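Geometric and topological summary
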Amino acid sequence: MAGTDRNRELITGGPAIILMEPQLGENIGMVARAMANFGLSNLRIVNPRDGWPNDKAVSAAAGASHVIEGAVVFASLPDAVADLNFVYATTARPRDGHKPVAGPVEAGEVLRARENAGEKTGLLFGRERIGLRNWEISLADAIVTFPVNPAYASLNIAQAVLLMSYEWMKSGLSNPHQTAFEKPDVTPAPKSDLHGLFDQIEEGLDARGYFRSETKRMKAVDNLRAVLTRPGFSTDEINVLRGLFASFDKFGRPGQRAPGQGAAPDTDEGEAE
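Read on for a plain summary of the structure.

What counts as what
- Residues numbered from 1 in each chain as written.
- Predicted model: local features only at pLDDT ≥ 70, side-chain atom pairs only at ≥ 80, totals over all residues.
- Heavy atoms only, no water.
- Helix = DSSP H or I, 4+ residues; strand = E, 2+ residues; numbered from the N terminus.
- Expected span 1.5 Å × (residues − 1).
- Buried < 20%, exposed > 50% of the residue type's maximum accessible area, 1.4 Å probe, protein only.
- Contact = heavy atoms within 4.5 Å.
- Axes fitted to C-alpha atoms, helices over the stretch in contact; angles between N-to-C directions.
- Parallel < 35°, antiparallel > 145°, perpendicular 65-115°, else oblique.
- Left-handed = near helix turned anticlockwise from the far one by under 90°.
- Core = buried A, V, L, I, M, F, W, Y, C linked by side-chain atoms within 4.5 Å.

1. Brief notes about helix H8 (residues 191-207)
Each α-helix turn comprises 3.6 residues. Residues three or four places apart therefore point the same way. Its 17 residues give H8 an end-to-end C-alpha distance of 24 Å, which sits within 8% of 24 Å, the value for a rise of 1.5 Å per residue. Three or more residues of H8 are buried, namely Leu194, Gly196, Leu197, Phe198, Gln200, Ile201, Glu202 and Gly204. Contacts from the buried residues of H8 go to helix H9 (214-229) and helix H10 (235-247). Looking one or two residues beyond H8, the residue adopting positive phi is Gly209, at roughly 70 degrees.

2. Describing the packing of helix H5 (residues 104-116) against helix H7 (residues 157-171)
Following both chains from N to C, one finds H5 and H7 inclined at 55 degrees, their axes separated by 8 Å at the closest point. It follows that H5 is oblique to H7 by the angle criterion. Note on packing geometry: the crossing formed by H5 with H7 is right-handed. Every residue of H7 that contacts H5 at Pro104, Val105, Ala107, Gly108, Glu109, Leu111, Arg112 and Glu115 is listed here: Met164, Glu167, Trp168, Met169, Lys170 and Ser171.

3. Some details on the nonpolar core
Ranked by internal contacts, the top residues of the largest apolar core, which has 32 residues, are Ile17, Leu19, Val31, Leu43, Tyr88 and Phe125. In terms of residues, this core owes the most to one element, H7, which gives six residues. Residue contacts for Ile17: discarding those within four places in its chain leaves Val31, Met35, Leu40, Asn42, Leu43, Arg44, Leu123, Phe125 and Val161. Residues Leu77, Val87, Leu124 and Ala140 belong to the second largest nonpolar core, which totals 16 residues.

Next up, the structure:
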């Protein structure tokens, strides 16, 4: 699968993902894939409808075999959360009761802080069709809900797990703007390299009669230099461009004037502005 590199560190651990009576093996597999994407590996399944193990879950997991193989099945929700210190229940609907309600960013930070303090935590997700019942939410310590379209708040179970898994991973970054990789460091070329590129391009354009008059030549050269100065080319990039433009001296399109054949008559058509 694209993006999979078995030679790099595999991040595991984190809060338990608890699925309450999931119906489809495919959904369990996609949950496992979402967990693996963001470094979670503790999957707990309460009374899966189609039984366990499940071949469709394995297929849908797309290589997240460590999550699937480590999944634990429980007969009841109380059993699934018995060893945990803190549990969030996910829901898109307002519920009766007085439990604290958090958004995904805050929930990710709370889970990270509790895990760092040595607590065992979990995220509880409901059934595909009806979500969680009130008594099931009552077993959790708090609620996490997503800022979704109020008229269409239904999330696929794997989508919901993906959102919270992402917030978990993000809560562990030293910088919220941190990325998995960055563009390579590039040292801007010295001006002498850039001036050499200008000279080469302008000489080639002169040879092809591109500049129709000296007055308009000055304006065209200024515009050209402004365009080429903007990117901040490295020396390697300038060398690529110089090689490209050098090839124009060897090959021409049919009917194109070769260098040295003289300029075209001075007309207003096709002026370089």
